[in-house]
Amino acid sequence: MAMEWITAMDKRPCDRNLRDVELISCRLRRVEPLCRLPSSALQQLAMCGFYEDLEKGVTLFRAGEQGRFWYAVLGGSLEVRYHASDADAKAPVTLCTLGVGATFGESILHDLPRDSTVVTKTTCELLRVEQQDFRLIWEKNKELINDIITTCKLKNGFGSGVSPVASSPTKRPLSPDHPNPALPISESPSPAMNRMGWALRTLLLADSSSCLKDRKVAGKLIRKCAPGTELVDWLLNLSPIVHTRAQAAGMWQALLEEGVLSHVNKEQPFKDKCFLYRFRVDEDSATSSYSTSEDINTANEHIRESISALLQRGPDATLRMILRKPSHERTPEELELIFEELLHITALSHLSTSIKRELSSIIVFESHAQAGTILFNQGDEGRSWYILLKGSVDVVIHGKGTVATLKNGDDFGKLALINDAPRAATIVLKENNCHLLRVDKEHFNRILRDVEANTLRLQEHGKDVLVLERVAKQRGQHSAFKYTVMSGTPSKILEHLLETRLGNQVSSLDPFLDDFLLTNMVFMPVIQLVDELANYFHCDVNDAAQTPEDREYIINFKKRVIQFMHKWVLVARHTALDEPCVCDFIEEMALEVEANPELSEETSNIHNLLTQKARYQEDRKQNSAQKWKLPPNGQPVCLFSGNTTSSRNTMHPDDDIIFRVYCADHTYCTLRFPLHTTAEIIKACAAEKLQLNRGAEDLVLVEVKSNGERAVFKDNDVSIPTGLSLNGRLFVTVKDHVDAVTPLPEQEGPTEGIDIDLEILSTKDLAFYITIYDWDLFWVVHEYELLYRTFGRHHFGKITANLDVFLRRFNELQYWIVTDIVSASSMSKRVGLLRKFIKLAAYCKEYNNLNAFFAIVMGLSNMAVSRLTQTWDKIPSKFRKLFQEFEALIDPSRNHRAYRVYVGKLQPPLIPFMPLLLKDMTFAHEGNKTSLDGLVNFEKMHMMAQTMRTMRYCRSRTISLDPPSPKSEGDARSYICCLRSIDNQRVLTAMSQKLEPTRKV
Ligand SMILES: Nc1ncnc2c1ncn2[C@@H]1O[C@@H]2COP(=O)(O)O[C@H]2[C@H]1O
């Protein structure tokens, strides 16, 4: 059978017999949508059609050629190609693929040249019909054939400029800036509208008093046209269900917006005025025709149905027409209509009535006929905000593809407008004939910017990936960013950051970038961060075919990655440069910047990065053998050997530290380990040296404080020796015997320090050297150490040694004050010391050393000192008053308000009261979850970063004080480095009791 029809088809049409015709039409009947044609039409096609059996790659015709044939596809597939211009001749765009059942080449009906090129994509079987034959068949079956052609166009997006599949969208929309209500909103009428138009036209023509006539306008003959008023009259007469002129006008507008009807000069939407309108078929003499009586009967059969359908569509069509008019042409009644419509739009539901009224005059209707159209590209400047009324759009992101599909009722495009940032995604229409409402940027900024919804959620694949919240405007702050990140996935936060906070958009007032740089290790390990940055940086490697827009976007992104790295290394300093993956990535970027002139703008950033890296590596080489010592008797951690040229010595994770570990019988061993060594290793090694013959799992590493308190370390804790309290000692012991471990007798006594009569040292000199010493300790503490310590010594595996040493200093100072006073047996000496320490606190305060100021005042307020009433009574009232002022300043009530207000007025350099910064960190950490519904709680990161920034601010200028008198320099300097202090409160109180026993009442 199959062969038979081919044999029949292979014959010349004039040689075919009845059976051949029957065989061929049977074959055609199996092809949808040809099967919809009546038998007579199929037989005609079978009689005159030629059979073509073509190889792959055969060009059937080229764009611009005059056409001779119409085609239907019986087997295989073809490509429709389009050459945008001569310049593009080598790079045609594939518009669509035609498969079985598709028809093409109908331009022969209008004697128009071909508008595209058609090439076989596979081997193909085609039915080919000559122009005159096809025209005859079409004349008799116009409606159906037009329907088939339209269906084919809709199905394939033919002529749309892009493949209907939006996977590789290439086309930008026709400039929609000024929508024209006189033009149709779809590329071709829907079959239903076509039918309704046909029925109305047929009856209009059949009416003897028809208003549809050939008329001469300005000397030119216009066929079959009618004034709007008469068309309205006619419709009102035609049907009793059309009651008002406005209804009738809306019905004609419904036809006009689909292109079935149009104003003769295409300058007006439908108006109940004397403007002339005509049907599209009458615009072209080839398609214009008179109706047969059969047509009239058919039209009469359909008219009721058509009228009621049109009646329903009229109001929406009118509204769309108004929404496409420029603001100044909208009448008050029309504005009211729009306003009522806006009341039903969910995306606007949070807005007040007055704002909706304002929107009524500027909101615009926009429609797009073809699926695949790109509304805008990621990286473009944001120009409008959209609400989807009908259809759906894909949200496409570079490197990720489609991350979300939005449907009617959803809105998009707000982010770029609000933040003055580039578009975060490309928006591609997913369906033909999408309808949108649009608010342009200038109006958005004027009307909506300050009343926007408080929360914005971005989704990918149905899950929230970024939650933004509107920033309350703060006085004096004019940050460009209206939304701040509340939570998000780590990757999306990074993407949002690169897109919105780098390039030319950096604002010193906006903390988002800095928050990220300070806290990223909490939610994104360095290796992952570098990996993601490298992916962004190298995203062009496997993708040779890029559009110029893509290329621009990619280059832009590369620059942003370089800028990000530059800023990150400035914040992270050695903690980043310690990571081999960071250094490797800097090298990779440098190579590309050198090779790629498009990146030349980033040369100085790269140069800076390379210099920092080289400098750091050189410094590490010179100080690689650095060793530290935690002396046995509670003295401060100090350099044991190595390079001592700089007084500011940062402790690095791979620096060694020498320390003792005791066991229950108070024997000890001395160990030397890098600072990053875990408790588990120290424990195992100490146990071996001390010959504790127990398995590691039975043993613990524990700190025993001078008051007997015990603190067990976790196996993965690091920075162990530096973490000990002033007079604490490290023990290794059997788990079950922890409670039996006792402090060494020496822990109750003072730490070892220099014994000098304080009287001989000038108080101002002491304050000066204390401040210089503290400053050096403070200077080397990395902001990150606050995070490491807050999350726990085990959490990041990073050392907190510099911070530990600084905090230890606070306790050393505090207990030194108490120890010194309670060690003075003579009253006069104690009175002298009290006066000296109050003065010392005053000088430290003057030097902005608030850490020491707090330590001293807290020492003086210690119960062991404050209870010495006889001593206090003997100091001059001037000193007592001063001390009361100091006590008020350290008053912890209302979250240390007095101190916060005071310090808030100071200029750097200053040394802050460090324990309060730690308390703020802990408060932020314990009061807030790190993860909220699987998203990083970025608000928490912001809170923590604020505290870390305080620390940075304190050091934003380096200290330079006038040196004191040279005579006591050597003594004072060595004295303050190592202070004698007892940190056991019980011992201190007992000593105080001895000095001034409590009187029995
Ligand atoms: N996951 C997403 N990431 C980025 N943009 C999205 C996402 N989902 C929806 N969008 C919308 O896509 C729009 C692209 O333009 P804008 O950046 O102005 O605003 C963006 C959002 O409104």
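Going by what an unreviewed UniProt entry lists, the chain is known as Rap guanine nucleotide exchange factor 4 and is assigned to Ceratitis capitata. Regarding the chain, the relevant UniProt record gives this comment under Sequence similarities (unreviewed entry): "Belongs to the RAPGEF2 family."

Draft legend 1. Structural view of helix α4 (residues 131-140). Within α4, burial applies to Phe134, Ile137 and Trp138. Relative to the axis of α4, the buried residues are bounded by an arc of 100 degrees and lie together on one face. In this structure, α4 carries Gln132, Leu136 and Lys140 as exposed residues pointing more than 90 degrees from its buried face.

Draft legend 2. Molecular detail of the packing of aromatic side chains. Enumeration over the complete set of coordinates arrives at 40 aromatic pairs. Between Phe270 and Tyr277, the aromatic rings sit 4.7 Å apart at their centres with planes inclined by 35 degrees, giving tilted as the arrangement. Note on accessibility: Phe270 and Tyr277 belong to one class, buried. Aromatic side chains Trp816 and Tyr975 sit 6.1 Å apart centroid to centroid with 65 degrees between the ring planes, which places their arrangement in the edge-to-face category. Residue Trp816 is located in helix α25 (residues 801-823), and its partner Tyr975 is located in helix α34 (residues 969-977); the two are separated by 159 residues in the primary sequence. Take Tyr975: its relative accessible area is 4%, and that puts it in the buried class. Three or more aromatic residues link up through ring pairs in this structure, and these residues are Phe512, Phe516, Phe523, Phe564, Trp568 and Phe938. Above the face of the Phe69 ring, Arg128 is positioned so that its terminal group lies 4.3 Å from the ring centre. Its guanidinium or amino end placed over the ring of Tyr668, Arg660 lies 3.9 Å from that ring's centre, counting from NZ or CZ.

Draft legend 3. Region of interest: the sheet that holds strand β11 (residues 261-263). Strand order in the open sheet formed by 4 strands is β9-β10-β12-β11, and the pairing between neighbours is antiparallel. Each edge of the sheet is formed by a strand with only one pairing partner; in this case those strands are β9 (213-217) and β11. In this sheet, adjacent strand axes meet at a mean angle of 60 degrees when their direction is disregarded. Summarising the sheet, β11 and strand β12 (residues 276-279) pair through 3 bridges and their orientation is antiparallel.

Draft legend 4. Up close: the packing of helix α15 (residues 512-523) against helix α33 (residues 938-954). Relative to each other, α15 and α33 sit at 110 degrees, their axes nearing to 8 Å. Judged by the inter-axis angle, α15 sits roughly perpendicular to α33. For the pair α15 and α33, the contacting residues are Phe512, Asp514, Asp515, Phe516, Leu518, Thr519, Val522 and Phe523 in the first and Phe938, Met941, His942, Ala945, Met948, Arg949 and Arg952 in the second. In terms of residue class, the contact of α15 with α33 is made up of 9 nonpolar, 2 polar and 4 charged.

Draft legend 5. Representation of the nonpolar core within the structure. Phe564 and Trp568 are the most contacted members of the largest nonpolar core, which has 189 residues in total. At 13 residues, the largest contribution of residues to this core is made by α25. Core analysis: the second largest hydrophobic core is formed by 33 residues, Met193, Trp198, Leu204 and Ala254 among them.

Draft legend 6. Looking closely at the UniProt feature "domain: Cyclic nucleotide-binding" (unreviewed entry) in the chain. Under the UniProt annotation, the feature "domain: Cyclic nucleotide-binding" (unreviewed entry) is placed at residues 33-137 and 347-448. A helix fraction of 24% and a strand fraction of 40% characterise residues 347-448, whose end C-alpha atoms lie 12 Å from each other.

Draft legend 7. Seen up close, the site of the ligand. Taken together, 17 residues lie near the ligand, and Ala416, Arg423, Ala424, Gln459 and Lys492 sit nearest. One of the backbone nitrogen or oxygen atoms of Ala424 is found 2.8 Å away from an oxygen atom of the ligand. Backbone polar atom of Gln459 to a nitrogen atom of the ligand: 2.8 Å apart, as the coordinates give it. Taken by itself the ligand offers 450 Å² of open surface, and the protein chains cover 95% of this. At the level of elements, β16 (392-397), α12 (414-419) and β21 (455-460) are the ones that each hand at least two residues to the shell around the ligand.

Draft legend 8. Inspection of the domain arrangement of the chain at higher detail. For the chain, the domain assignment lists domain 1 (3-149), domain 2 (191-313), domain 3 (334-442), domain 4 (627-747) and domain 5 (758-909 + 957-995). For domain 3 versus domain 5, the separation of C-alpha centres amounts to 62 Å.

Draft legend 9. Representation of the sheet that holds strand β3 (residues 69-75). Spatially, β1-β8-β3-β6 is the arrangement adopted by the 4 strands of the open sheet, whose pairing is antiparallel. The sheet is open, and its two edges are formed by β1 (50-54) and β6 (103-104), each paired on a single side. Judged from the 6 bridges that link them, β3 and strand β8 (residues 124-130) form a sheet pairing that is antiparallel. Considered in β8, the bridge of Tyr71 is made with Arg128. The sheet strands contacting helix α3 (residues 39-48) are β1, β3 and β8, and the helix crosses β8 at an angle near 95 degrees.

Draft legend 10. Layout of the packing of α25 against helix α35 (residues 985-995). Two numbers describe how α25 lies on α35: the axes approach to 9 Å, and their chain directions differ by 30 degrees. What the angle tells us is that α25 and α35 run roughly parallel. The two elements α25 and α35 cross, and the hand of that crossing is left-handed. Residues Tyr815, Val818, Thr819, Ile821, Val822 and Ser823 of α25 touch α35, and the partners they reach there are Gln985, Leu988, Met991, Ser992 and Leu995. Of the residues belonging to the contact of α25 with α35, the class tally is 7 nonpolar, 4 polar and no charged.

Draft legend 11. Spotlight on the environment of Phe69. With respect to the element layout, Phe69 can be found in strand β3. What makes Phe69 buried here is its relative accessible area of 13%. Along the sequence, Phe69 and Lys463 sit 394 residues apart, while their C-alpha atoms lie 52 Å from each other. Those residues within four positions of Phe69 in sequence are excluded, and the remaining contacts are Gly105, Ile108, Arg114, Arg128, Val129 and Glu130.

Draft legend 12. Highlighting the environment of Gln747. Locating Gln747 in the fold gives a position in helix α22 (residues 745-748). You can call Gln747 buried: its relative accessible area is 0%. Along the backbone, Gln747 and Asp272 are 475 residues apart, and their C-alpha atoms lie at a distance of 102 Å. Sequence-distant contacts of Gln747, that is, excluding residues within four places in its chain, are made with Val704, Lys705, Ser706, Asn727, Gly728, Arg729 and Phe731. Among the polar contacts listed, one links the side chain of Gln747 to the backbone nitrogen of Leu744, at a separation of 2.9 Å.

Draft legend 13. Representation of helix α6 (residues 191-206) within the structure. Between the first and last C-alpha of α6 there are 22 Å, a value that for 16 residues agrees with the 22 Å anticipated at 1.5 Å per step. For α6, every residue scored as buried is listed here: Met193, Met196, Gly197, Trp198, Ala199, Leu200, Arg201, Thr202, Leu203, Leu204 and Leu205.

Draft legend 14. Unusual backbone geometry, seen in detail. Cis peptide bonds are those with omega within 30 degrees of zero, and the linkage from Pro908 to Pro909 qualifies with 0 degrees. If you trace the backbone, Pro909 turns up in the loop between α31 (893-904) and α32 (914-927). Of note in the backbone geometry, Lys224 takes a positive phi value of approximately 40 degrees without being a glycine. Inspection of the secondary structure puts Lys224 in strand β10 (residues 220-227). Unusually for a residue other than glycine, Ser719 sits at a positive phi of about 55 degrees. Summarising the element assignment, Ser719 is placed in the loop between β29 (710-712) and β30 (729-734).

Draft legend 15. Focus on the pattern of salt bridges. Evaluation of the coordinates by the stated rule reveals 50 salt bridges. Here Asp514 makes a salt bridge to Arg949, at a shortest N to O gap of 2.7 Å. Here Asp514, found in helix α15, pairs with Arg949, found in helix α33; they are 435 residues apart in sequence, far enough to count as distant. Under the relative-accessibility criterion, Asp514 is labelled buried at 16%. As a salt-bridge pair, Asp715 and Lys683 come within 3.0 Å of each other at their nearest N and O atoms. In this pair, Asp715 is assigned in the loop between β29 and β30 and Lys683 in helix α21 (residues 679-689), connecting sequence segments 32 residues apart. Classification of Asp715 by relative accessible area gives partly exposed; the value is 35%. Each member of the salt-bridge network shares a partner with another, and the members are Lys400, Glu460, Lys492 and Glu495.

What counts as what
Residues numbered from 1 in each chain as written. Predicted model: local features only at pLDDT ≥ 70, side-chain atom pairs only at ≥ 80, totals over all residues. Heavy atoms only, no water. UniProt positions renumbered as here; feature names shortened; annotations may be inferred. Buried < 20%, exposed > 50% of the residue type's maximum accessible area, 1.4 Å probe, protein only. Helix = DSSP H or I, 4+ residues; strand = E, 2+ residues; numbered from the N terminus. Arc of directions from axis to C-beta. Phe/Tyr/Trp six-rings, centres within 6.5 Å; stacked < 30°, edge-to-face > 60°. Lys NZ or Arg CZ within 6 Å of the ring centre and 35° of its normal. Pairing = 2+ DSSP bridges. Axes fitted to C-alpha atoms, helices over the stretch in contact; angles between N-to-C directions. Parallel < 35°, antiparallel > 145°, perpendicular 65-115°, else oblique. Contact = heavy atoms within 4.5 Å. Nonpolar A, V, L, I, M, F, W, Y, C, P; charged D, E, K, R; others polar. Core = buried A, V, L, I, M, F, W, Y, C linked by side-chain atoms within 4.5 Å. Near = heavy atom within 4 Å. Polar contact = N/O pair within 3.5 Å; in protein donor to acceptor, adjacent residues only side chain to side chain. Areas by Shrake-Rupley, 256 points an atom, 1.4 Å probe, with all protein chains shown as cover. Domains from an automatic or database assignment. Left-handed = near helix turned anticlockwise from the far one by under 90°. Expected span 1.5 Å × (residues − 1). Salt bridge = Lys/Arg side-chain N within 4 Å of Asp/Glu carboxyl O.

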